[in-house]
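Each chain is listed here by its residues.
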Amino acid sequence: MNFEPVIGLEVHAHLKTDTKIFCSCSTKFGAPPNTHVCPVCLGMPGVLPVLNKKVVEYAMRMAFATNCEIAGESRFARKNYFYPDLPKGYQISQFELPIAEHGHVDISLPNSTKKRIGITRIHMEEDAGKSIHDPGRPVSFVDLNRTGVPLIEIVSEPDLASPEEAGAYLRQIRMILRYLSISDGNMEEGSFRCDANISVRPAGQTELGTRAELKNINSFKFVEKALAYEIKRQISVITGGGRVIQETRLWDTAKNRTNSMRGKEEAHDYRYFPDPDLVPLVIDDAWMDAVKKSLPELPDARRARFISDFDLSEYDADLLTADRKTADYFEACIATGAPTKLCANWIMGELAAALNARGKSIDQSPIPADALAKLLCLITDNVISGKIAKTVFEEMIETGKPAQTIVEEKGLVQVSDASAIEAVIDEVMTNNPDEVEKYRAGKKKLMGFFVGQVMRATKGKANPGVVNKILTNKLS
Amino acid sequence: MQLYELTIHEARDLLEKKEISALELTESVLARIDAVDDKTDAYLTVTADTARARAKAADKAIAGGTAGPLAGIPLAIKDLICTRGVRTTCASKILSDFVPPYDAAVMERLSTAGAVMVGKVNMDEFAMGSSTENSAFKNTKNPWDLTRVPGGSSGGSAAAVVADMCLGALGSDTGGSIRQPASHCGVVGLKPTYGRVSRFGLVAYASSLDQIGPLAKDVTDAAILSGVISGYDRRDSTSADRPVPDYGAALAGDVTGRTIGIPEEYFNSKGIDPDVRAAVENAISALKDAGAKCIDISLPHTPYAVAAYYLIAPAEASSNLARYDGVKYGFRDMSATALSDMYTASRSAGFGPEVQRRIILGTYALSAGYYDAYYKKASQVRTLIINDFKNAFKKCDVIAGPVAPTPAFSLGEKTQDPLTMYLSDIFTLSANLAGIPGLSVPCGFSKSGLPIGLQLMGNYFDEAILFDTALCVERAMGIAHKRPRL
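All values reported here derive from a predicted model rather than from experimental measurement.

What follows deals with the side chain of A:H123. Residue and element names in this part refer to chain A. Secondary-structure assignment places H123 in strand β7 (residues 114-126). Taking relative accessible area as the criterion, H123 reaches 5% and is therefore assigned buried. At 3.1 Å, the side chain of H123 and the side chain of R121 are in polar contact. If sequence neighbours within four positions are ignored, H123 has contacts with S93, Q94, P98, I99, L151, I152 and E153.

As structure tokens, then:
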């Protein structure tokens, strides 16, 4: 029997607001334990939460970007459970009335078709703190710096049919979050987390199978691995005559397998109810319009524009728009007049490689966009050759000097003057009489040898076009 | 006359005229506490030193002409209002050592107004109760009869006011916790409109119902205190951003042309004591005589208020009290070795039986499979009760009725029967569920000499009309000056 997997993902993304969702403590990562705390996020007696407006606006941005309907009135609810890193004994989240519902995103499949994935809902909530267990002693510590850091949870429909689709969906969601500048989307640092609901069913069956929830999948690689493992496991349970049970399973990174964490019976009853400390969140049309207007161009739209306006291939457009900063860099480059295709090649080639080697992102590039554009213009203006440009580029990366300065300091200006080049060619021909004979006898392949000799003699500065033309004349 | 016998407005006049000093006044009140509190047990903490310092500061301010409206006035504060640097226990073992590093919003307002806190007063643990017998520390006695309860949960506040151990007090009212003890002790108590007073720093019992309010020796004092503590606070999202009228200035005691609604459901209740009925009807007649028009109205969903309240309030409480888990502050059972055992042991030993009862009740009401039948249904009933009042206030300006079905009952009389205890709030719960203001003003005494209060309820933010109507009652009854002999 053939089985098909049915996958839905719950993504938690930290919002990068300056302050927490219900108090004015800093959200900055990496501070000494319990230094970014106040009575409100510590859950002390008598204190009250006040909603950070910025969090609402960030959630609205994501809602617009994923084509959701935004609720004119939504509510915060309390999710009740006991844990030492949850100081109030409840997490403020949204339950019955989330801020946004009924959206979708399109993902690209390997066969270059698109698939639409439904977004069930987006809601806002506060993060919990962190428990730190001492491996040497039976002691645990609690760090509440993270308590109250704003999150949005993005819940997909069970529309994903393979681990690869799940991966593509996650990358799409992360790309949108980053485009909107609302989240770092960093899975390893925990600012982007994912739980997966997965079931399998015989191909063609419409009824869903029993699902398992997978937790602790903290990298893109693990998401696909854990899902692939879980699909195999569920299929073997069914084909072995057993039944999949509804449970929560944890991905074990070391052993590459999922293990049961708790069954349906042990599932928490979170006793959700509307938080009486917070009034219903009302979003009027004016606020919605203002946020909508502030949205940047989204990746799909930008990709389409790059293809139509700049005549780029789909491949180039995909690569350039995958990251907003790269796309911004590219647009800044061509704004100064450099040719689009040359810019695209250099950004994805030399620049990407150089940044990669130095562990830098494009917004930390030692060569700003306009400086790269000026270098590329030196090529198109025949001031230097493409080959010399690479040398200049290396120098620019190291020193940050402008291309023009480097070219002048090192005397790298391309020689296009015919008489100067002719003199060099005469010398080369005089020094290599045998090769001239052989060429004239029909060994036309030797043209490369002559060009090479001229280039060596001019230290690569001779204009290759002019060299070719004069050589052809003189040798014939 | 002793200085501690003064009302706030009397003391204010004397302080302004510099006939007395704030320090003298505070010393008088502190001496009174020393003299009689071993009989009433109203105070949990007396802050004599800081009170003297504050009083001296008030004297300076008065001398310098910069005195606030409560400069030098000694007040008692219910022990679930956070006071920076002063133990705030909520009358619970679980918070017996809790010293807040912040002041409640009302404390900031009192402080700005120049008030002098003389101490923190007893209550039912976490404001859960109607007799102050649920305090983990001691039973407060009714100053009129030391074998009886002062009411609750703000029993310490009411007893301290009527025993002249302060000039006024703050309490909190979630289901009647200001009005019922005010009635039982013979003082004026107001539960303001929900949102009128900031809840920031009020330790939560049931967040959608809790409201801080004054307990005072007379209506004028209650109006003065209300004016100081009311107003918008951005730290409380449920706080109302609208101006606060000058309640004191609006007082005339003139009810001519005012329509008083008499809800039949508050009088056909079987449990209503004949003395209470007589005193309340007498007060209503007095209002009529003073020119008010009385009409019969109906609040048809009144019989469901107790059930709705005892689902909503415990549900919220079960969540609000989850933070007392032994992890961060407060009581922890050190014998437990596993986390879940520590939770169970700390909470079982830290909370008293009534608090545990309500946590269990509320947890159950919110549980999967029961939420719709209990919490949600109760919320729907709450909407119907709100509509009852909206309809009623189309026909009348004020609703008048009893505060409690009986005068103060005996210590221990109802402690074994929580349901009977819950029914003592039957007439006060509705105002909390609806969020409207409610006031208790003394209107008579029972045959055995126990005070009885008249309850006045008004439309949202109509506190001024309540004070004015209550002043008319106060003048007509002529009993505001009466004090128990201690």
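That covers the picture; the talk isn't over yet.
The subject of this paragraph is the sheet that holds strand β1 (residues 3-14) of chain A. Hydrogen bonding along the main chain pairs the strands of a sheet, whether they run parallel or antiparallel. Residues and elements named next belong to chain A. Read across the open sheet, the 9 strands follow the order β2-β6-β7-β10-β1-β11-β12-β13-β14; overall the sheet is mixed. The open sheet is flanked by β2 (69-70) and β14 (257-263), the only strands paired with a single partner. The pairing of strand β12 (residues 212-215) with strand β13 (residues 247-252) spans 4 bridges and is classified as parallel. Within β13, the position partnered with E213 by the bridge is T248. Packed on one face of the sheet, helix α2 (residues 163-179) meets β1, β6 (100-108), β7, β10 (150-156) and β11 (192-202) and runs near 110° to β6. Contacting β1, β11, β12, β13 and β14, helix α3 (residues 220-239) crosses the sheet at an angle of about 25° to β11.

With that settled, the discussion passes to the packing of helix α12 (residues 418-431) of chain A against helix α15 (residues 464-475) of chain A. Residues and elements named next belong to chain A. One can describe the packing of α12 onto α15 by two numbers: an axis separation of 10 Å at closest approach and a directional angle of 50°. Between α12 and α15, the crossing angle belongs to the class labelled oblique. Regarding α12 and α15, the two cross each other, and that crossing is right-handed. Side by side, α12 and α15 meet where A418, I421, E422, I425, D426 and M429 of the first sit next to V466, V467, I470, L471, K474 and L475 of the second. Split by residue class, the contact of α12 with α15 holds 9 nonpolar, no polar and 3 charged.

The next thing to look at is the interface of chain B and chain A. Listed by partner, the interface residues are 40 residues for chain B and 29 residues for chain A. The tally of links from chain B across to chain A stands at 2 salt bridges. A:E96 serves as the salt-bridge partner of B:K376, at 4.0 Å between the closest nitrogen and oxygen. Here chain B is connected to chain A by 16 residue pairs in polar contact (both at pLDDT 80 or more). For the side of chain B that touches chain A, the element with the most residues is helix α9 (residues 305-320) of chain B, which contributes 5 residues. Partitioned by chemical class, the residues of the side of chain B that touches chain A number 20 nonpolar, 10 polar and 10 charged.

Rules and cut-offs
Residues numbered from 1 in each chain as written. Chains lettered and ligands numbered in written order. Predicted model: local features only at pLDDT ≥ 70, side-chain atom pairs only at ≥ 80, totals over all residues. Heavy atoms only, no water. Helix = DSSP H or I, 4+ residues; strand = E, 2+ residues; numbered from the N terminus. Buried < 20%, exposed > 50% of the residue type's maximum accessible area, 1.4 Å probe, protein only. Polar contact = N/O pair within 3.5 Å; in protein donor to acceptor, adjacent residues only side chain to side chain. Contact = heavy atoms within 4.5 Å. Pairing = 2+ DSSP bridges. Axes fitted to C-alpha atoms, helices over the stretch in contact; angles between N-to-C directions. Parallel < 35°, antiparallel > 145°, perpendicular 65-115°, else oblique. Left-handed = near helix turned anticlockwise from the far one by under 90°. Nonpolar A, V, L, I, M, F, W, Y, C, P; charged D, E, K, R; others polar. Salt bridge = Lys/Arg side-chain N within 4 Å of Asp/Glu carboxyl O.

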